[in-house]
Amino acid sequence: MNAPVPGAVPVIAIDGPTASGKGTIAQRVALALGFHYLDSGALYRLTALAALRAGVPTGDAARVASVAASLPVAFPEGRIELAGEDVGDAIRAEPISEAASIVAAHPAVRDALLDRQRAFREPPGLVSDGRDMGSVVFPDAVLKVFLTATAETRAERRYKQLMGKGLPANLQTILHDLRMRDARDSGRAVAPLQAGAPEAVLDSDDLTIEQVVSIVLERYRIAVRVQASGRSGGAGGSTLQD
Ligand code: DC
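Bear in mind that the values here come from a model prediction, so they are computed numbers and not experimental data.

*Asks:* Is there a simple way to think about the sheet that holds strand β1 (residues 11-15) in this case?
*Replies:* Each strand in a sheet pairs with its neighbour through backbone hydrogen bonds, running either in the same direction (parallel) or in the opposite one (antiparallel). Taking strand neighbours across the sheet as the criterion, the five strands line up as β2-β6-β1-β7-β8 in an open arrangement whose pairing is parallel. Single-partner strands in this sheet number two, and they are β2 (36-39) and β8 (201-203). The average angle at which neighbouring strand axes cross in this sheet is 20°, direction not considered. Bridge count between β1 and strand β7 (residues 143-148): four bridges; the pairing is parallel. When the sheet's bridge partners are listed, Ile-12 is paired in β7 with Leu-143. Contacts from helix α1 (residues 22-33) reach β1, β2, β6 (126-130) and β7, with the element oriented near 180° to β6. Along the sheet, helix α9 (residues 209-231) makes contact with β1, β7 and β8, crossing β7 at roughly 160°.

Below you can see the structure in the form of structure tokens.
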């Protein structure tokens, strides 16, 4: 069932490839609407980190799934904690990005994280970002956005971000790694990264963060109006002209 359920806590699902800026956009949209925010990628990263720390090989689907099922995570005031330790930076390290992409391809790991993700859906609403938010986790999301940009643009953004932090960065290496991760996230058998409906696509190549945020907010307002007019039996199409 993919249609938004009347009365359900609204979800805005923002999916997209690596370094598409979906985390930044999702957080700002959540802030603007006063909604909760779920960074689903963090759960895969936390699973990878916890597995590596426990000496569980990332290729061992059953054992990694049991790590995922009993992950001692907490998100106090926006921090990301694993067993009480702030691991916000540790989960962004390159080896963990790589390991997260491997563990995310195991169906058993995805199953183990499903209910945990859905538990974030609380009033007044949720903005979630990831790869399968609109297709698997919240198929009844009131708005689904597929945020993308060319690999070159995304690599350049990541490069500037690292340089800005004074960290070593090589544009060609970043571009190569990003393409590898795109291929793995899109090519896996279960819950692959996919654009969904054509109208969901939002190409951010020539847009600023502020422009993308306002487009998402506008799409949300339209989606809510269409949903409300459908509920009251009105003609949904006419409200799009407002
Ligand atoms: O969004 P991110 O880069 O933090 O995600 C880390 C990894 O987890 C990435 O390889 C894709 C995977 N992932 C996923 O498979 N499904 C999600 N909903 C979120 C992330």
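*Asks:* What exactly am I supposed to notice about the site of the ligand here?
*Replies:* Surrounding the ligand, one finds 16 residues, the nearest of these being Arg-45, Arg-110, Arg-131, Asp-132 and Arg-188. Residue Arg-110 places a side-chain N or O atom 2.8 Å away from an oxygen atom belonging to the ligand. Here the ligand has 440 Å² of accessible area as a free molecule, and 96% of this is covered by the chains. Secondary structure elements with two or more residues in the shell around the ligand: α2 (40-53) and α4 (94-103).

*Asks:* Quick question: what am I supposed to make of helix α3 (residues 61-69) here?
*Replies:* Helical geometry: 3.6 residues make up each α-helical turn, so side chains three or four residues apart lie on a common side. Turning to α3, its buried residues are Val-64, Ala-65, Val-67 and Ala-68. Mapping the buried residues of α3 onto a view down its axis gives an arc of 155°, with all of them on the same face. Residues of α3 that are exposed and point more than 90 degrees away from the buried face comprise Ala-62 and Ala-69. Here the buried face of α3 lies against α2, α4 and α5 (107-118).

*Asks:* For this particular structure, what's the right way to read α5?
*Replies:* The end-to-end C-alpha separation of α5 is 17 Å, in line with the 16 Å expected for twelve residues at 1.5 Å each. Of all the residues in α5, the buried ones are Val-109, Arg-110, Leu-113, Leu-114 and Gln-117. Viewed end-on, α5 has its buried residues packed into an arc of 150°, placing them on one side of the element. Projecting away from the buried face of α5 at angles above 90 degrees are the exposed residues Asp-111 and Asp-115.

*Asks:* Explain the packing of aromatic side chains to me, please; I cannot follow it from the model alone.
*Replies:* Ring pairs (aromatic) are described by centroid distance and by the angle formed between their planes. Counted according to the given criterion, the structure contains two aromatic pairs. With 5.9 Å between their ring centres and 85° between their planes, Phe-35 and Tyr-220 make a pair best called edge-to-face. Taken together, the positions of Phe-35 in the loop between α1 and β2 and Tyr-220 in helix α9 put the pair 185 residues apart, joining distant regions of the chain. The exposure class assigned to Tyr-220 is buried, which follows from its relative accessible area of 10%.

*Asks:* Explain the pattern of salt bridges to me, please; I cannot follow it from the model alone.
*Replies:* When the charged atoms of two side chains with opposite charge come close together, those side chains can pair. A full pass over the atoms with the stated rule returns 15 salt bridges. Arg-63 is the salt-bridge partner of Asp-60, the closest N and O atoms lying 3.9 Å from each other. Given a relative accessible area of 26%, Asp-60 falls into the partly exposed group. Among the salt bridges present, the one from Arg-154 reaches Asp-182, with a minimum N-O distance of 2.7 Å.

*Asks:* Got a minute to help me understand the packing of α1 against α9 in this structure?
*Replies:* The geometry of a pair of packed helices is captured by two quantities: the angle between their axes and the separation between those axes. α9 packs onto α1 with a crossing angle of 55° between their chain directions and a minimal axis gap of 10 Å. Of the possible angle classes, the one that applies to α1 and α9 is oblique. Between α1 and α9 lies a crossing of right-handed hand. Touching Thr-24, Ile-25, Arg-28, Val-29, Ala-32 and Leu-33 of α1 are Ile-209, Glu-210, Val-212, Val-213, Val-216, Leu-217 and Tyr-220, all from α9. Class assignment for the residues of the contact of α1 with α9 results in ten nonpolar, one polar and two charged.

Reading the values: rules and limits
- Once a new chain begins, its residue numbering starts again from 1 and follows that chain's sequence as written.
- Per-residue local features of the predicted model are confined to residues with pLDDT of at least 70, and side-chain atom pairs are confined, for both listing and counting, to 80 or more; whole-chain, interface and lining totals are unaffected and use all residues.
- With hydrogens and water stripped out, all remaining heavy atoms of the structure feed into the side-chain values.
- Two strands form a pair only when DSSP identifies at least two bridges running between them.
- A run of DSSP states H or I qualifies as a helix once it reaches four residues; a run of E qualifies as a strand once it reaches two. Both are numbered from the N-terminal end.
- The convention used is that axes are lines fitted to C-alpha atoms, helices contributing only their stretch in contact, and that angles between N-to-C directions extend from 0 to 180 degrees.
- Here, two residues are considered to be in contact whenever any of their heavy atoms come within 4.5 Å of each other.
- One heavy atom suffices: a residue is near a molecule or strand as soon as one of its heavy atoms comes within 4 Å of it.
- Within 3.5 Å is the distance limit for a polar contact, defined as a pair of N or O atoms, with the added protein rule that one can donate a hydrogen and the other accept it, and that residues adjacent in sequence qualify only through two side-chain atoms.
- With residues, only the protein chains shown are counted as cover, and all accessible areas are computed by Shrake-Rupley using a 1.4 Å probe.
- Only protein chains enter the calculation, and the probe is 1.4 Å; a residue is then buried if its accessible area is under 20% of its type maximum, exposed if over 50%, and partly exposed in between.
- Picture the helix axis, draw a direction to every C-beta atom, and the arc is the one those directions span.
- Every helix has an expected span of 1.5 Å times one less than the residues it contains.
- Aromatic pairs are defined between Phe, Tyr and Trp rings, using the six-membered ring for Trp, whenever the two ring centres lie within 6.5 Å; interplanar angles under 30 degrees are classed as stacked, those over 60 as edge-to-face, and all others as tilted.
- Any carboxyl oxygen of Asp or Glu that lies within 4 Å of a side-chain nitrogen of Lys or Arg is treated as forming a salt bridge with it.
- Should an angle lie under 35 degrees it is considered roughly parallel, over 145 roughly antiparallel, and from 65 to 115 roughly perpendicular; all remaining angles are considered oblique.
- For any helix crossing, the convention is left-handed if the near helix is rotated counterclockwise from the far helix by under a right angle, and right-handed if that rotation is clockwise.
- By the convention adopted, Pro, Cys, Tyr, Trp, Phe, Met, Ile, Leu, Val and Ala count as nonpolar, Lys, Arg, Asp and Glu as charged, and the other residues, Gly among them, as polar.

Keep in mind these values describe shape, not function.
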